[in-house]
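A structural walkthrough
Listed here are the chains, written in short residue letters.
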Amino acid sequence: MTIMEPRKHGSAADGFVGGRLSRFEGQMKVTGAATYALEYPVENLAHAVLVQSTIASGRVVSVDKAEAQAAPGVLLVLTPEDDLGLMTKSDWFGNRPDNEPYAPLPREISYNGETIAAVIAESREQAVEAIKLLRIAYDETPGVADLHDPKAGDGKVMDNLSVSWGDAEAALAASAVTIEAEYQTPREYHVAMEPHGLTAKWEGDQLTIWEPSQWTHAMALNYAEWFGLPPDNVRLISTFVGGGFGSKGAALAYGAVAASAARKLGRPVKLAVTRPQNFTSYGGRAATRQTIKLGATKDGVLQAIVHRGASETSVTTDYPEQTGAATPILYKVENYSSQSRVVPVNTVTPGALRGPGKNPSAFGIECAMDELANKLGMDPLELRLKNYADRDYQTGKPWSTRMLREALTQGAEAFGWSKRSHAPRSMREGRQLIGWGIGCGTFPVIQAPSAAMIRILANGRVEVVSGAIDMGQGTYTILAQTASEALGVPVDQIDVLLGDSRMPGSAIAGGSMLAGSITGAVHKTAAAARDELIGLALNAPNSPFRDTGANTLSVAGGRISVSSGNGPSMSLPELMTAIGQSELEVTRNTLPDDAQGATDQNAAWTSMKRVQGPTMGEFSMHSWCAHFAEVRVDEDFGTVRVSRMVSAFDCGRLYNPKMVESQWRGGIIMGIGQALFEEGMVDGRNGRTVNNNVGDYLVPTNADIPDLQVISVGVPDLNASALGGKGVGEVGIVGVAPAIANAVFHATGKRVRDLPLTLDKLI
Amino acid sequence: MTRTIHLSLDINGQSHALDVEPRVTLLDALREHLALTGTKKGCDQGQCGACTCHVDGQRVLSCLTLAAQVEGRQITTIEGIAAETGELHPVQAAFLEHDAFQCGYCTSGQIMSAVACIKEGHAGSDDEIREYMSGNLCRCGAYNSIVSAVREAAEAAR
């Protein structure tokens with residue numbers, strides 16, 4: 001076997017922003033040296049295991065824990081009878097009720113799989129064994145299993161989500177061609193490969209939490225508020241995160257349980273949420289249904305869109321999965337009406353899962369457009385181009401950048417769309433029916449401030465320090481590139497330190513807002529550090545640059561020199577030694593000047609208070625994509641395979657195309673899973689999630705995925721972010737499922753309007 | 001207290017002694033008792049492949065293997081496949097070069113599976129690689145790059 005030369009950090013030429021630098025922390029990940037939350041060595045650990053409810057609705061009458069408590073190794077059993085003394089934490093927007101107690105092990109049960117008890121023992125095995133000895137008595141009340149339960153009803157209208165302009169109903173009635181259909185998506189789950197969990201350790205009133213996190217500062221504050229601690233008393237460490245997809249942005253009930261147990265026992269506690277328990281410890285994507293009516297002229301000019309959507313939520317919180325999120329901005333339409341409902345059922349409160357809102361929304365509108373194209377006898381590509389939105393018709397604002405036309409045309413070219421025979425069931429190979437479909441996607445540019453620190457050390461190494469996290473998006477890599485470019489120091493001289501709430505605060509790694517935010521902060525900080533370094537070099541008493549008469553200096557390739565080339569040139573360590581500087585530390589943030597106080601800063605790093613939506617400025621800013629899918633459907637068995645996909649994206653400037661392409665493919669693959677496999681199954685009798693494991697809740701395997709061609713058609717958008725990028729992570733999944741559903745219709749002539757596209761719906 | 005048994009495990013060419021309960025899996029022995037945390041726990045029920053290790057050169061799911069079962073066998077984990085000089089195994093190098101991972105949590109299992117897949121002679125074509133790498137889930141969706149990395153490493157091994 002030949003040993004290949006490893007390219008630890010790619011080639012030096014890849015080091016600037018826009019280069020294809022290999023994953024900066026990659027060496028640690030391929031050798032097993034990357035340490036995830038539950039892998040930190042902590043002395044004297046006790047192990048906690050959760051117990052979840054087996055009824056959907058009712059109350060815990062009693063828990064007989066005598067036998068469990070007497071079992072070998074058991075240290076503590078926590079039940080709803082234990083008052084843990086916690087207080088409710090703030091919500092996403094930083095609002096907090098006064099003096100409201102919080103019970104992470106509630107007596108009142110609102111869904112099957114709710115955490116109601118925990119056993120803590122010397123070993124995990126002992127805790128698991130002891131759980132079997134708990135005797136839990138319930139008083140069960142009738143529940144609502146899911147969105148399809150006849151008892152669920154129609155729910156309630158979310159007024160803040162109603163959108164209308166023009167007169168949609170009248171325009172629809174006057175349209176020459178109309179379609180109307182209902183589309184449904186089931187419960188879907190994040191299934192990050194790293195299950196949730198944490199280790200909690202107290203030292204006096206200082207709490208350290210090792211937990212995978214998409215937002216270290218906000219989660220640290222969650223714990224501080226629960227336990228009534230000053231925020232600085234909690235440190236949350238999340239150096240590596242084994243995937244999140246929206247699930248790891250806030251502390252959850254199990255975290256409060258583990259930290260409470262650690263405090264009671266006076267020793268650190270590790271709590272690993274089991275894979276099945278992950279399915280109900282936090283919410284996945286809510287099941288949705290939506291009705292879409294389209295009206296058009298005979299030659300395919302859209303006249304009206306009427307959308308009515310509903311998503312399930314819990315009985316405790318109204319969390320809408322916004323099926324109307326993409327509907328108003330994909331096409332030019334003068335008459336529009338949308339209304340959204342939430343339907344409370346006995347489930348864990350749903351949460352954000354890749355492409356929240358936009359994803360099921362695009363399934364509706366993009367399938368509907370395909371149905372309209374079919375009714376008109378029109379090429380679905382032509383229909384989309386014909387109704388191209390020249391501006392945002394909802395707000396009337398111009399797009400900042402919108403290369404969706406290029407995504408459609410260049411994607412079509414790469415796919416070979418012009419060879420499509422448009423009639424359904426007109427393409428086949430033997431017993432395989434072949435279908436080609438299109439689905440467009442979008443996700444808003446969401447902006448938020450971040451802070452960063454740059455440290456130049458005496459040995460010439462540069463540290464980029466931020467509380468931001470990397471769950472696989474490439475934060476480590478693009479920050480090394482950003483600092484390298486702004487400072488003039490090669491990437492192999494840079495270390496990036498992330499994922500610790502003691503580090504400078506940042507935007508959440510969610511809503512595709514982190515990369516644009518944190519690169520801006522690091523760029524600003526690195527530029528300031530460079531200026532300070534040059535200032536020191538020009539002014540320090542012992543600096544060889546002091547008497548050169550230069551106004552400024554250049555820093556490039558890790559060397560500082562006189563710009564004219566006539567004069568000294570020194571490496572960073574040489575300069576630091578010459579001027580007797582042991583370290584240069586610079587911290588900056590991207591908050592406005594009038595919000596630099598501690599209160600404003602803390603609010604910015606722990607709440608959504610400073611988050612800017614896509615249309616809050618003078619432009620309407622979004623990422624865009626167009627997916628082209630080929631499916632092969634077995635005529636006899638109805639099995640669907642995706643055999644080819646081409647996807648073209650406008651995500652603005654790409655900070656590192658290698659990382660971006662990986663994220664796009666990841667989103668597309670999750671979309672293939674959504675289209676073909678993923679469906680949370682609920683037992684109608686008791687609201688239990690039946691397929692709460694990855695053998696039964698199917699996510700794509702390697703064999704399910706063909707080669708995926710991804711194309712960038714974006715241009716830098718400096719309204720969207722400091723360095724010109726738009727969001728990358730969320731948009732990749734949006735539009736994939738409708739592209740596949742439309743391809744299946746093209747292959748079979750059968751329109752399936754409820755995901756996933758399983759064989760029973762096709763034969 | 002619960003009864004423990006004494007085990008001596010041969011891991012990455014080194015002998016490790018430990019006292020564990022008989023019900024402790026190889027995965028938990030590695031992660032919780034021997035500080036070898038490169039092997040990952042993704043499901044603990046044999047469905048995801050993140051815990052893949054080699055026992056006598058064959059890939060096994062360490063979450064479905066009791067530590068007591070593998071005494072006297074040669075166990076190899078992700079920590080044990082690079083050269084002693086620190087030089088990466090060709091499969092590790094190919095994973096890095098092709099960006100065959102994002103979050104990195106399935107990566108150890110993918111690489112251990114890939115090393116065995118190549119050795120088994122199951123990396124003859126992209127379709128074959130896809131099939132024989134399908135016991136290892138990757139939710140970040142690095143499958144295209146995993147196929148490229150395994151293909152390249154397999155070609156280099158010929």
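What you see is a predicted model; the values in this text were computed from it and never measured.

**Quick word on the overall build of chain B**
Summing up its helical and strand segments, chain B has five helices and five strands in all. The N-to-C order of helical and strand elements in chain B reads β-β-α-β-β-β-α-α-α-α. Seen through its C-alpha atoms, chain B measures out along the principal axes to roughly 50 × 30 × 25 Å. Considering chain B as a whole, with its 158 residues, one finds that 61% of them fall into the buried category. For chain B, contacts bridging at least 24 residues in sequence account for 58% of all contacts bridging at least 6.

**Thoughts on the overall build of chain A**
When helices and strands are counted, chain A shows 16 helices and 30 strands. For a compact globule of 763 residues, the expected C-alpha radius of gyration is about 27 Å, and chain A comes in at 28 Å, within 12% of that figure. Among the 763 residues that make up chain A, the fraction classed as buried is 60%. The long-range fraction of contacts in chain A, counting pairs at least 24 apart against all pairs at least 6 apart in sequence, stands at 80%.

**Some words on the interface of chain A and chain B**
Between chain A and chain B, the residue contacts involve 53 residues of the former and 55 residues of the latter. Mapped onto the side of chain A that touches chain B, the elements with two or more residues apiece are helix 1 (26-31), helix 3 (124-131) and helix 15 (657-676) of chain A. Ranked by the residues each element gives to the side of chain A that touches chain B, the list is headed by helix 15 of chain A, at six residues. Here the residues of the side of chain A that touches chain B are counted per class, giving 23 nonpolar, 20 polar and ten charged.

**Observations concerning the sheet that holds strand 12 (residues 197-203) of chain A**
Paired through their backbone hydrogen bonds, the strands of a sheet run either parallel or antiparallel. Residues and elements named next belong to chain A. A sheet is described by the order of its strands in space; here seven strands give the open sequence 3-7-1-15-12-13-14, paired in mixed fashion. Each of the sheet's edge strands pairs with one partner strand only, and the pair in question is strand 3 (74-78) and strand 14 (234-237). On average, each strand axis in the sheet is tilted by 20 degrees relative to the strand beside it, whichever way the strands run. By the bridge criterion, three bridges tie strand 1 (residues 46-52) to strand 15 (residues 269-272) in an arrangement that is parallel. Its bridge partner lying in strand 15, Ala48 is registered against Leu271. Sheet strands in contact with helix 5 (residues 216-227) are strand 13 (206-210) and strand 14, and its direction is about 140 degrees off that of strand 14. Where helix 6 (residues 253-265) meets the sheet, it contacts strand 1, strand 3, strand 7 (115-121), strand 12, strand 13 and strand 15, and its direction lies at approximately 35 degrees from that of strand 12.

**Some points on the environment of Gly724(A)**
Residues and elements named next belong to chain A. With respect to the helices, strands and loops of the structure, Gly724 is situated in the loop between strand 30 (708-712) and helix 16 (736-748). Taking C-alpha positions, Gly724 is 47 Å from Gly85, a pair spaced 639 residues apart along the chain. Once residues lying within four places of it in the same chain are set aside, the contact partners of Gly724 are Gly652, Arg653, Pro716, Asp717 and Leu718.

**Concerning the confidence of the model for chain B**
Of all residues in chain B, 99% attain a pLDDT of 70 or more, and the chain-wide mean is 97. Scored as a whole, the predicted complex attains pTM 0.97, and scored at its interfaces, ipTM 0.98.

**Quick word on the environment of Ala722(A)**
In this fold, Ala722(A) is placed in the loop between strand 30 and helix 16. Beyond its immediate sequence surroundings of up to four residues, Ala722(A) is in contact with Thr519(A), Gly520(A) and His523(A).

**A few points about the nonpolar core**
Grouped together as the largest cluster of nonpolar side chains are 285 residues, with contacts concentrated most on Ala118(A), Ile120(A), Ala258(A), Val464(A), Ala483(A), Ile740(A) and Val150(B). When near neighbours in sequence (up to four residues on either side) are disregarded, Ile120(A) contacts Ala46(A), His47(A), Ala48(A), Leu75(A), Leu76(A), Ala127(A), Ala261(A), Leu265(A) and Val269(A).

**Focus: helix 2 (residues 90-97) of chain B**
One turn of an α-helix holds 3.6 residues; hence residues three or four places apart share an orientation. In terms of burial, helix 2 of chain B is a largely internal element, eight of the eight residues being buried. Within helix 2 of chain B, burial applies to Pro90(B), Val91(B), Gln92(B), Ala93(B), Ala94(B), Phe95(B), Leu96(B) and Glu97(B). Summarising the contacts, the buried residues of helix 2 of chain B are in contact with helix 1 of chain A together with helix 3 (107-120) and helix 5 (143-157) of chain B. Downstream of helix 2 of chain B by one or two residues, Asp99(B) has phi in the positive range, about 55 degrees.

**Considerations on the packing of helix 2 of chain B against helix 5 of chain B**
All names here are of chain B. In the contact formed by helix 2 and helix 5, the axes pass within 8 Å of each other and the chain directions differ by 140 degrees. The hand of the helix 2/helix 5 crossing is right-handed. Where helix 2 abuts helix 5, its residues Pro90, Val91, Ala94 and Phe95 lie against Ala149, Glu152, Ala153, Ala156 and Ala157. Broken down by class, the residue content of the contact of helix 2 with helix 5 amounts to eight nonpolar, no polar and one charged.

**Regarding the pairing of strand 12 of chain A**
All names here are of chain A. Most of strand 12 is tucked away: five of the seven residues are buried. Where strand 12 meets strand 15, four bridges bridge the pair, whose relative direction is antiparallel. Bridging from a neighbouring strand, Leu198 pairs with Leu271 of strand 15. Of the strand pairs in this sheet, strand 12 and strand 13 are connected by five bridges, and their pairing is antiparallel. For Glu203, the partnering residue across the bridge sits in strand 13 and is Gln206. Linking two consecutive strands that pair antiparallel, namely strand 12 and strand 13, is a turn of two residues; a positive phi of about 65 degrees is found at Gly204 within it.

**Digging into the packing of helix 8 (residues 358-376) of chain A against helix 16 of chain A**
Residues and elements named next belong to chain A. Where helix 8 meets helix 16, the axes come as close as 8 Å, and the angle between the chain directions of the two elements is 30 degrees. Judged on the interaxial angle alone, helix 16 and helix 8 are roughly parallel. In terms of crossing hand, the pair formed by helix 8 and helix 16 is right-handed. Across the interface between the two elements, Ala362, Phe363, Glu366, Cys367 and Asp370 of helix 8 pack against Ala737, Pro738, Ala741, Asn742 and Phe745 of helix 16. Looking at the contact of helix 8 with helix 16 residue by residue, the classes come out as seven nonpolar, one polar and two charged.

**Looking at unusual backbone geometry**
As a rule of thumb, non-glycine residues mostly have phi less than zero, and peptide bonds are mostly trans rather than cis. In this chain, Leu755(A) is followed by Pro756(A) through a cis amide linkage whose omega measures -5 degrees. In this structure, Pro756(A) sits in the segment after helix 16. At Arg425(A), a residue that is not glycine, the phi angle is positive and equals roughly 60 degrees. Residue position: Arg425(A) is located in the loop between helix 10 (404-415) and strand 19 (428-429). Under the C-beta neighbour-count criterion, Arg425(A) is labelled partly exposed, with 17 such atoms within 10 Å. Unusually for a residue other than glycine, Ala35(B) sits at a positive phi of about 60 degrees. Mapping Ala35(B) onto the fold places it in the loop between helix 1 (26-33) and strand 3 (52-55).

**So, the sheet that holds strand 2 (residues 14-20) of chain B**
Residue and element names in this part refer to chain B. Overall, mixed pairing links the five strands, which are arranged 2-1-5-3-4 in an open sheet. With one partner strand each, in any of the chains shown, strand 2 and strand 4 (58-61) form the two edges of the open sheet. Averaged over neighbouring strand pairs, the angle between their axes works out to 40 degrees when direction is ignored. Direction of pairing for strand 1 (residues 5-11) relative to strand 5 (residues 74-76): parallel, over a ladder of two bridges. In the sheet register, Asp10 faces strand 5, and the bridge partner there is Gln74. Across the face of the sheet, helix 3 comes into contact with strand 3 and strand 4 while running at roughly 40 degrees to strand 3.

**Here we look at the domain arrangement of chain A**
All names here are of chain A. In terms of domain boundaries, chain A breaks down into domain 1 (46-142 + 197-272), domain 2 (159-188 + 284-446 + 615-761) and domain 3 (451-590). Computed over C-alpha atoms, the centres of domain 2 and domain 3 are 42 Å apart. Listed as interface residues are 17 residues of domain 2 and, on the opposing side, 14 residues of domain 3. Class assignment for the residues of the side of domain 2 that touches domain 3 results in ten nonpolar, six polar and one charged.

**Considerations on the domain arrangement of chain B**
All names here are of chain B. When its domains are assigned, chain B resolves into domain 1 (5-80) and domain 2 (90-157). Of note, the centres of domain 1 and domain 2, computed from C-alpha atoms alone, are 21 Å apart. Facing the 14 residues of domain 1 at the interface are eleven residues of domain 2. For the side of domain 1 that touches domain 2, the secondary-structure elements that each account for two or more residues are strand 3 and strand 4. Ranked by residue count, the leading element in the side of domain 1 that touches domain 2 is strand 3, at three residues.

**Some thoughts on the environment of Cys48(B)**
Summarising the element assignment, Cys48(B) is placed in the loop between helix 1 and strand 3. For Cys48(B), a count of 30 C-beta atoms within 10 Å puts it in the buried group. Sequence spacing of Cys48(B) and Thr37(B) is eleven residues, and the spatial spacing of their C-alpha atoms is 17 Å. When near neighbours in sequence (up to four residues on either side) are disregarded, Cys48(B) contacts Met193(A), Val694(A), Gly42(B), Cys43(B) and Leu137(B).

What counts, and at which threshold
- Residues numbered from 1 in each chain as written.
- Chains lettered and ligands numbered in written order.
- Predicted model: local features only at pLDDT ≥ 70, side-chain atom pairs only at ≥ 80, totals over all residues.
- Helix = DSSP H or I, 4+ residues; strand = E, 2+ residues; numbered from the N terminus.
- Buried ≥ 20, exposed ≤ 12 C-beta atoms within 10 Å, placed from the backbone.
- Contact = placed C-beta atoms within 7 Å.
- Rg over C-alpha atoms; globule rule 2.2 N^0.38 Å.
- Nonpolar A, V, L, I, M, F, W, Y, C, P; charged D, E, K, R; others polar.
- Pairing = 2+ DSSP bridges.
- Axes fitted to C-alpha atoms, helices over the stretch in contact; angles between N-to-C directions.
- pLDDT = per-residue confidence, 0-100.
- Core = buried A, V, L, I, M, F, W, Y, C linked by C-beta atoms within 7 Å.
- Left-handed = near helix turned anticlockwise from the far one by under 90°.
- Parallel < 35°, antiparallel > 145°, perpendicular 65-115°, else oblique.
- Domains from an automatic or database assignment.

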